[in-house]
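A closer look at the structure
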Amino acid sequence: MNKEARSFCTDRQTTEDLNLLGKYKTDSIFSLYNRTRTKGGEKLLETYFQHPLTEAAAIEERQRSISSLVSKALAFPVEEKELEALEQYLTSFAPVGKVKLFTEVLKRRSVALAGMKEEQDHVYTLLTEGLKALLKLRDWFRGTLTGMESGYLQKLTGRYSALLENKLLDQFEAHIAGDRLSVMQQSKYESFLRGDNHETFNSLLRDCYELDVFLGVAQLMEENNYCCPVILHGKALLKLKGAYHPGLKKAIGNDLQLDARQNMLFLTGANMAGKSTFMKTIGICCYLAHLGFPVPAKEMETSVYDGLYSSINLPDNISKGYSHFYAEVLRVKEVAKEVAAGKKLLIIFDELFKGTNVKDAFDATSGVARAMLDYKQSLFVLSTHIVEVGALLQKEAVGIQYKYMPSLLEANATRYTYTLQEGISDDRHGMMIIRQEGIFDLFPSKKLRYS
Amino acid sequence: MIWNTDKQTLDDLNIFGKKGKDSVYALFNRTCTTGGAEKLEHIFHYPTTGADEIRERTQTIQFFCSTSATFPLEAVWIEVMVAYLSDRDSRTLLRADGETMESKLNKWLKADTQLNFTQKALKAIGECLTRLNSFLEQTNENGQSSAFQKMQKEVKSILNNQEFKAAYSSLVGTRLSFEQIASGDRFFRFTHYDQLQHILEYVYWLDLYISVATVARERKLAFAEVLPDGDQQLHIQGFYHPLVPGALGNNIEMNASQRVLFLTGANMAGKSTLMKSFGITVFLAHIGLPVPALSMKFTVSDGLYTTINLSDNIQMGHSHFYAEVLRVKKVSMELAAGKKLIIIFDELFRGTNVKDAHEATVAVTALYSELENSLMLVSTHIVEAADDLRHQCRNIRYAYMPTVMKDHQPVYTYVLTEGVTEDRHGMLIIQNEGILDILANGKKEKIYE
């Protein structure tokens, strides 16, 4: 498996539309899934988010690991500081033979005797803190994890049992409250970490961080009843049941099925009816599925895609002299190239070509929609204000689903159900909003004509 | 009375602009003194509505424009004077009597900084007032009784007052003795402080007028003529955007039979720039400054509101559309209150679906065209709105910014032309980018092949 050759295709516009990344944004999807207790865990989660998986097997393996941790009520036992000491020790010093190490320790301690204690003190602290972290891990592995019904955990504990059950650790434990370590002892422990086991310790650390990430995600999954997507092999397919936006408190779930027969969703609805939110939900679920993470839905089935592109909040680029419309054209071109390259993609376009006149927008939207429809390996989600495009496509194109987000007029107020309906909506109440604001009532003499 | 406008308008028209960027204010600000710059900023921030005031100001600028006067004083003098006059604590007064040994020694060593400063300030006052006096002697009266003229007369009489003249003339040239400094200090900083303030106030206005007149002369700006009160009207010939190099001029006439200018045109044809130039011209005319046009006549309105770059307000939960509705509501309330307004709406209601946008554009435009207290410039992408409006209203002028195709590339003339255009080349841009070709020739996968 060559990971570099097949990375998941997406871009900054997409990750920003879906608000996926962003450690410092409290409402990003990353922050939602970040319940790590260690810095290393957080960093690992970041790399997961930046590099979605493109192999079904890898996705499924991660899913299994996470699911096996659900409702185990486990908490990562080691303090962040201690684990950091271990990591710092392992990354600061290269593996080295026993004799050379002994002279190194001897030299450090002689220098310390001569009064320059800093280096020795620093290394000594890292070493003892790191060993303490190992002791805690050993106890946790030995006591709590071994008995767990989780293939993932058993593999994990099995992999490191030999290393952690080393008698040197017992010796250190016995010594822990005693005197300072002697030169001999210090070099013995240091060579334990930096000898033949060096690489294994590094991988232990990585696995611990991974465990930290998985425990957090599993907890999130359990609390919110997220589901684990079923990964399909073969033709493009995306099936969502009760999917909702994970950032919303009382979000209402919606269903969707797109496949090679109907590979385009044509979405309409009034302003504020929830079109954009649903489009974001689709994108987020798909992205999370490719991380091997649980998704905010009751059920999800998906094939593995080569990439995901969205254009929801496209800004104009005044500094480059692009009008809003031209920015949209360039965006569509960028995506069209990817589609034409034959990749299996999920494409989301919200209100395409809103920066130009109606006729152009109509021609452009219907033209692009029809051209893209031929790429059955990819799935498309489009929304527009120009409902006439829908009427045209219904007549002339096959393979499109038409859904809308309804808005109901109730006693002069609008109610949104946020539940998808079949068909095309030409709901609009722009004029009603204008009337509600009472603009025409301001001129009583003219009122009759406009109300 | 204060002219009605708001931050949205000032931002749309780039009146003050962002720091370090071009702006209309920066264009006119060639003032030498801080006080002059503050006065200019003040008249930009608080435009007046009085026709007389506008006329007076225009005539004053015209006068300085015709005399090609330059600011006669040096900015440093003014700065020193202002700093010197700001401290009026009587304990700092220099005293000619009661000198101690210490003060004598300090004086001899030239180490008394306060004394040195006072001397410098007095010399600046002497130079400044002498120069101003000779400037005023050369400057003829322009025969009107404006507030500025009055101020000028007053300053002349102060400067020619025998005692006052003697006081400042003695400060020029020679080295000042300690006694001279002490008496000058008392005279200017305490007994004749108010007169000096009058003079400074005049100097700031002079600075402002000369600065604006210089810009008007250099850029060949026109002076707008205020028409007597009555039906709202505007006649502008050859107005252009003062911050766009080589901008072309256009004409606009607005009056009771043409209350609305309905503007169409393709993207990038120059609609927004035209609307901004119009707004800037109207704004400048209402603060009595020269305008970027060949000629202009207008009746004074009570305010100007523009909506060109309206942004949504996500924090307040307003969609773009709702922000637009609220904007229209605000303007409507001002109109309903009976104010005479000039209104500029660029692509109204673009944040909603076509039918709503169409309906709303027609409704609002028709309504405003019927009011007796509004002149409006409105642009839209929805050309069909023109057909409805033609049925409903008679006082709308339809004009567009044309696009000419040359070798499949759009060329823009930037000259306002009568009628409604359906120019559009969105599809052309898409074709030029080759999007549909890319898609037509890609690797397609059919179902169940």
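Residues numbered from 1 in each chain as written. Chains lettered and ligands numbered in written order. Predicted model: local features only at pLDDT ≥ 70, side-chain atom pairs only at ≥ 80, totals over all residues.

1. Section: the overall build of chain A
- Counting its secondary structure elements, chain A contains 17 helices and twelve strands.
- Taken over the C-alpha trace, chain A has a radius of gyration of 29 Å; the compact-globule value for 451 residues is 22 Å, which it surpasses by more than 25%.
- Principal-axis analysis of the C-alpha atoms gives chain A an extent of 100 × 50 × 45 Å.
- Residues classed as buried in chain A amount to 43% of the 451 residues present.
- Taking all contacts inside chain A whose residues are at least 6 apart in sequence as the whole, residues at least 24 apart take part in 75%. (Helix = DSSP H or I, 4+ residues; strand = E, 2+ residues; numbered from the N terminus. Rg over C-alpha atoms; globule rule 2.2 N^0.38 Å. Buried ≥ 20, exposed ≤ 12 C-beta atoms within 10 Å, placed from the backbone. Contact = placed C-beta atoms within 7 Å.)

2. Here we look at the overall build of chain B
- For chain B, the helix and strand inventory stands at 17 helices and twelve strands.
- A compact globule built from 449 residues should have a C-alpha radius of gyration of about 22 Å, whereas chain B, at 30 Å, is more than 25% larger.
- Principal-axis analysis of the C-alpha atoms gives chain B an extent of 110 × 60 × 45 Å.
- With 449 residues in all, chain B has 42% of them scored as buried.
- A sequence separation of at least 24 residues applies to 77% of the contacts in chain B between residues at least 6 apart.

3. With respect to the confidence of the model for chain B
- Summing up the model confidence of chain B, the mean pLDDT is 86 and the portion of residues at 70 or higher is 90%.
- Both confidence scores are given for the complex: pTM 0.70, ipTM 0.75. (pLDDT = per-residue confidence, 0-100.)

4. Comments concerning the domain arrangement of chain B
Residues and elements named next belong to chain B.
- Here chain B is partitioned into domain 1 (31–219) and domain 2 (225–444).
- For domain 1 versus domain 2, the distance between C-alpha centres works out to 47 Å.
- Domain 1 puts 13 residues into the contact, and the matching count from domain 2 is nine residues.
- Top element by residues in the side of domain 1 that touches domain 2 is helix H4 (residues 51–67). It accounts for seven residues. (Domains from an automatic or database assignment.)

5. Quick look at the interface of chain A and chain B
- At the junction of the two partners, chain A supplies 46 residues and chain B supplies 42 residues.
- Put simply, the parts of the chain that give the side of chain A that touches chain B at least two residues each are helix H13 (324–340), helix H14 (358–373) and helix H16 (430–436) of chain A.
- Of the residues assigned to the side of chain A that touches chain B, the class counts are 26 nonpolar, nine polar and eleven charged. (Nonpolar A, V, L, I, M, F, W, Y, C, P; charged D, E, K, R; others polar.)

6. Regarding the pairing of strand S4 (residues 260–265) of chain B
All names here are of chain B.
- Counted residue by residue, S4 has six buried out of six residues, so it is predominantly covered.
- Both faces of S4 are covered, namely the face carrying Val 260, Phe 262 and Thr 264 and the face carrying Leu 261, Leu 263 and Gly 265.
- Note: S4 against strand S8 (residues 374–379), four bridges, orientation parallel. Across the sheet, Phe 262 pairs through a bridge with Val 378, a residue of S8. (Pairing = 2+ DSSP bridges.)

7. Digging into the sheet that holds strand S9 (residues 396–401) of chain B
All names here are of chain B.
- Spatially, six strands are ordered S6-S7-S8-S4-S9-S12 in an open sheet, and the strand pairing comes out mixed. The open sheet has two edge strands with one neighbour each: strand S6 (303–307) and strand S12 (417–418).
- For strand S7 (residues 341–346) and S8, the ladder comprises six bridges, and the chain directions are parallel. By the bridge assignment, Leu 341 is partnered in S8 with Ser 374.

8. A word on the nonpolar core
- Core analysis: the biggest nonpolar cluster contains 239 residues, and Cys285(A), Leu382(A) and Ile125(B) have the highest contact counts within it.
- Per-element accounting of this core gives the leading share, twelve residues, to helix H11 (residues 198–224) of chain A.
- Apart from residues no more than four positions distant in its own chain, Leu382(A) is found in contact with Met264(A), Leu265(A), Phe266(A), Leu267(A), Phe349(A), Leu352(A) and Ala369(A). (Core = buried A, V, L, I, M, F, W, Y, C linked by C-beta atoms within 7 Å.)

9. Regarding the pairing of strand S2 (residues 234–239) of chain B
Residues and elements named next belong to chain B.
- Relative to strand S3 (residues 250–254), S2 is paired through four bridges, and the arrangement is antiparallel. Across the sheet, His 235 pairs through a bridge with Glu 253, a residue of S3.
- Summarising the sheet, S2 and strand S5 (residues 295–298) pair through four bridges and their orientation is antiparallel. The residue bridging Leu 234 from the neighbouring strand is Phe 298, located in S5.

10. Concerning unusual backbone geometry
All names here are of chain A.
- If you check the backbone angles, Asn 19 has positive phi at about 55° while not being a glycine.
- Within the fold, Asn 19 resides in the loop between helix H1 (12–17) and helix H2 (29–33).
- The backbone of Ser 71 shows a phi angle near 55°, a positive value even though the residue is not glycine.
- Summarising the element assignment, Ser 71 is placed in the loop between helix H4 (56–67) and helix H5 (80–92).
- The exposure class assigned to Ser 71 is exposed, which follows from the 10 C-beta atoms found within 10 Å.

11. As for the packing of helix H7 (residues 113–138) of chain B against helix H10 (residues 178–191) of chain B
Residue and element names in this part refer to chain B.
- Their axes nearest at 10 Å, the elements H7 and H10 cross at an angle of 65°. Between H7 and H10 lies a crossing whose hand is left-handed. Counting all contacts with H7, which are made through Leu 115, Thr 118, Gln 119, Leu 122 and Ile 125, the residues of H10 involved are Ile 181, Gly 184, Asp 185 and Phe 188.
- Considering only residue class, the contact of H7 with H10 consists of five nonpolar, three polar and one charged. (Axes fitted to C-alpha atoms, helices over the stretch in contact; angles between N-to-C directions. Left-handed = near helix turned anticlockwise from the far one by under 90°.)

12. Remarks on helix H11 (residues 193–219) of chain B
- With 27 residues, H11(B) should reach 39 Å at 1.5 Å per residue; the first-to-last C-alpha distance of 39 Å fits that figure.
- Positive backbone phi, at 55°, marks Lys220(B), one or two positions downstream of H11(B). (Expected span 1.5 Å × (residues − 1).)

13. Some details on the sheet that holds strand S1 (residues 230–232) of chain A
Residues and elements named next belong to chain A.
- If you walk across this open sheet you meet the four strands as S1-S5-S2-S3, and the pairing is mixed. Since the sheet does not close on itself, it has two edges, and those belong to S1 and strand S3 (254–259), each with one partner. The average undirected angle you get between the axes of adjacent strands in this sheet is 15°.
- Set on the sheet, helix H12 (residues 275–290) makes contact with strand S2 (237–243), S3 and strand S5 (299–303); between it and S2 the angle comes to about 115°.

14. Re the domain arrangement of chain A
Residue and element names in this part refer to chain A.
- Taken domain by domain, chain A comprises domain 1 (9–224) and domain 2 (230–446).
- Computed from C-alpha coordinates alone, the two centres of domain 1 and domain 2 are separated by 43 Å.
- Taken residue by residue, the interface counts 26 residues in domain 1 and 25 residues in domain 2.
- The element contributing the most residues to the side of domain 1 that touches domain 2 is H4, with six residues.
- Across the side of domain 1 that touches domain 2, the residue classes tally to 15 nonpolar, six polar and five charged.

15. A short note on the environment of Arg55(B)
- Note that Arg55(B) resides in helix H4.
- Taking the C-alpha atoms as reference points, Arg55(B) and Leu371(B), 316 residues apart in sequence, are found 27 Å from one another.

16. Comments concerning the environment of Leu346(A)
Residue and element names in this part refer to chain A.
- Within the secondary structure layout, Leu 346 lies in strand S7 (residues 345–349).
- Distance from Leu 346 to Met 264, taken between C-alpha atoms, is 9.9 Å for residues 82 residues apart in sequence.
- Ignoring anything within four residues of it in the chain, the contact list for Leu 346 reads Leu 238, Cys 286, Tyr 305, Leu 308 and Leu 379.

17. Here's the deal with the environment of Glu165(A)
- As for its placement among the helices and strands, Glu165(A) is situated in the loop between helix H8 (151–164) and helix H9 (167–175).
- Between the C-alpha atoms of Glu165(A) and Glu129(A), which are 36 residues apart in sequence, the distance is 18 Å.

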